[in-house]
Amino acid sequence: MADTIAETVDLLYNLDQEKLTVDQQIAFASALAALAQAERLDRIDERLRAIHQVLHTWGLRATADIGR
């Protein structure tokens, strides 16, 4: 997902906004908003993966402790 976000950022920021029609400017603003949301979702996903890893490790330790 990160590669797609980076590529989209490059495309969006390389546009000459002054040459866009009103409809294109609206679409551009919408694309920027969608990009911001995607970036937030990517960060949330990263945090959830880290939390999952911690919980998984705790579960493995608990299982190991029970087996002793």
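Residues numbered from 1 in each chain as written. Predicted model: local features only at pLDDT ≥ 70, side-chain atom pairs only at ≥ 80, totals over all residues. Heavy atoms only, no water.

A.B. asks: Describe the overall build of the chain, listing the residues and the values that go with them.
C.D. replies: Scanning the chain from N- to C-terminus turns up two helices and zero strands. Taking 2.2 N^0.38 as the reference for a compact globule, 68 residues should give roughly 11 Å; the C-alpha atoms of the chain span a radius of gyration of 21 Å, well beyond that estimate. Once the C-alpha set of the chain is aligned to its principal axes, its extents read approximately 70 × 15 × 10 Å. Out of the 68 residues belonging to the chain, those deemed buried represent 9%. A total accessible area of about 5800 Å² is found for the chain, and carbon and sulfur atoms account for 58% of it. (Helix = DSSP H or I, 4+ residues; strand = E, 2+ residues; numbered from the N terminus. Rg over C-alpha atoms; globule rule 2.2 N^0.38 Å. Buried < 20%, exposed > 50% of the residue type's maximum accessible area, 1.4 Å probe, protein only. Areas by Shrake-Rupley, 256 points an atom, 1.4 Å probe, with all protein chains shown as cover.)

A.B. asks: I'd love a proper account of the environment of leucine 15, names of residues and values included.
C.D. replies: Take leucine 15: it is sitting in the loop between helix 1 (2-13) and helix 2 (22-66). For leucine 15, a relative accessible area of 40% translates into the label partly exposed. For the pair leucine 15 and alanine 27, spaced twelve residues apart in sequence, the C-alpha separation works out to 12 Å.

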